[in-house]
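In case you want the letters, here they are:
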Amino acid sequence: MSNLRLRPADMETFFATCPRGLEAVLADELTALGAQDVRAVEGGTGFRGPYALCYRINLESRIASRVLWRIGQCRYRDENDIFTVARKLPWAQWFGPAQSIRVDTAAIKSPLRSLDFVTLRVKDAVCDVLREAEGDRPNVDTRQPDVRIHVFLNRDDALFYLDTSGDALFKRGWRTATGDAPLRENLAAGILKLAGWTAEQPLLDPMCGSGTFLIEAALMATQRAPGLNRKFGFEKLRNFDAKAWEILHRQVAAQENKSIKTMIYGYDRSGDAIVDARQNVAALGMEQRIELKQCSFEDSKAPAPAGLLITNPPYGVRMEELDDLAAWYPTLGDILKQRYSGWTAYILTADLRLAKIMRLQPSRRTPLFNGALECRLFKYEMVAGSMRTPRSNR
Ligand SMILES: C[S@@+](CC[C@H](N)C(=O)[O-])C[C@H]1O[C@@H](n2cnc3c(N)ncnc32)[C@H](O)[C@@H]1O
């Protein structure tokens, strides 16, 4: 078994991944959670801290996708260099042959031709080390592995990580109904942060689908940690400190502020979507905090004189769908202008034509990625009478 001792004073190096475009808000969040030497790069944020910090960040981060713990690093020229270093890492300190593994390799500017071959060599190294240490090798399970190993290659260096999250952190453990194209929870939470939403502001998603924005907002407002209902990868590692985790979990659960008032509204023209949203809201016991109504945007009224409207409207793939959307965008702009003056609207879309066809001038456009899909978050300050793009500019 493990002879690994982790003294609280030891500083470890981590990397938290996130949807591209959210790195800066993730860096702010990690700093607030106690991370040090926080450095945002494309796709995530590096940071340092005592090992137990990864428990807190997995539990409390709303924006991170995964928290990776760096366990090794080397210069490399070819796959053999990587294999040699992987052979020297003390894998048996972290897990044993009875636990299944998965290895993933990612690279930026690596001269190596096959990342699959790197994955294979690292897997071989892990199996060799455990067979020598404990007489058996772990199985590979790409679907539900106990332990995930990540190898990241840049031009000169190979970095080895253990994944402390397990399932990606956008899986909060409350979603029972997915509906049609739900947003990832951490993307929704990051957009609420980018928009600067605070619990005192009315919030409306008029095309709420399964309710992701609304639920993330309610969790933020009540300071309920997103990870209270799920398991994490670090629980399967041999250095897992169950006592410290239990204490932290209890403390963080007690932070929830049940007395806070929220003004969170969700509409959707689809009855099925509202049923899904209700089911998800109920799974969290948030029925009193989020008001849901079946209603089309065209028939909607602002639920307050001012507030924040956040939504991701339907998007099309096929030609006719794209044409239908293009024909509908001017109506979307008209309704915003006529019924939502005084509101600030944020629209997330992968359809980069939307802003132009809608004929409202965005005050900000932020590139964001929904998985591999490039999107824009358009911001509109709905001040009555001042927004229309003049006809000559169209
Ligand atoms: C991309 S989905 C939103 C997904 C949502 N953000 C989630 O996380 O589940 C778009 C939603 O817009 C709704 N919708 C489409 N046209 C609408 C309209 N004119 N008024 C209101 N809702 C509409 C659809 O029913 C669908 O649920």
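Residues numbered from 1 in each chain as written. Predicted model: local features only at pLDDT ≥ 70, side-chain atom pairs only at ≥ 80, totals over all residues. Heavy atoms only, no water.

## Let's talk about the pairing of strand 1 (residues 12-17)
Counting buried residues along strand 1, five of its six residues qualify, which places the element largely inside the surrounding structure. Across six bridges, strand 1 lies against strand 3 (residues 44-49) in antiparallel orientation. Each residue of the ladder has a partner; that of Thr13, found in strand 3, is Arg48. In this sheet, strand 4 (residues 66-75) lies alongside strand 1 in antiparallel orientation, the contact comprising four bridges. Bridging across to strand 4, Phe15 finds its partner in Leu68. (Buried < 20%, exposed > 50% of the residue type's maximum accessible area, 1.4 Å probe, protein only. Helix = DSSP H or I, 4+ residues; strand = E, 2+ residues; numbered from the N terminus. Pairing = 2+ DSSP bridges.)

## Looking at the domain arrangement of the protein
Taken domain by domain, the protein comprises domain 1 (12-163) and domain 2 (185-226 + 257-393). Taking only C-alpha atoms into account, the centre of domain 1 sits 35 Å from that of domain 2. Contacts between the two partners involve 12 residues from domain 1, matched on the other side by 17 residues from domain 2. Of the roughly 1,200 Å² buried between domain 1 and domain 2, counting both surfaces, carbon and sulfur atoms make up 64%. Summed over the shared surface of domain 1 and domain 2, the result is zero salt bridges. In this structure, the connection of domain 1 to domain 2 is made through five residue pairs in polar contact (both at pLDDT 80 or more). Residue composition of the side of domain 1 that touches domain 2, by class: six nonpolar, three polar and three charged. (Domains from an automatic or database assignment. Contact = heavy atoms within 4.5 Å. Buried area = accessible area lost by both parts, 1.4 Å probe. Salt bridge = Lys/Arg side-chain N within 4 Å of Asp/Glu carboxyl O. Polar contact = N/O pair within 3.5 Å; in protein donor to acceptor, adjacent residues only side chain to side chain. Nonpolar A, V, L, I, M, F, W, Y, C, P; charged D, E, K, R; others polar.)

## Things to note about the side chain of Asp163
Structurally, Asp163 can be placed in strand 7 (residues 157-163). Residue Asp163 is classed as buried on the basis of its relative accessible area, which comes to 4%. With residues near it in sequence (within four places) discarded, Asp163 still touches Arg66, Val67, Leu68, Arg148, His150 and Gly233.

## Some words on helix 4 (residues 115-134)
An ideal rise of 1.5 Å per residue puts 28 Å on 20 residues; helix 4 measures up with 28 Å between its terminal C-alpha atoms. Buried residues of helix 4: Val118, Thr119, Arg121, Val122, Lys123, Ala125, Val126, Cys127, Val129 and Leu130, and no others. Two to three positions downstream of the cap, the backbone nitrogen of Asp116 sits 3.4 Å from a side-chain oxygen, assigning the N-cap of helix 4 to Ser114. Positioned one or two residues after helix 4, Gly135 has a phi angle of 80°, which is positive. (Expected span 1.5 Å × (residues − 1).)

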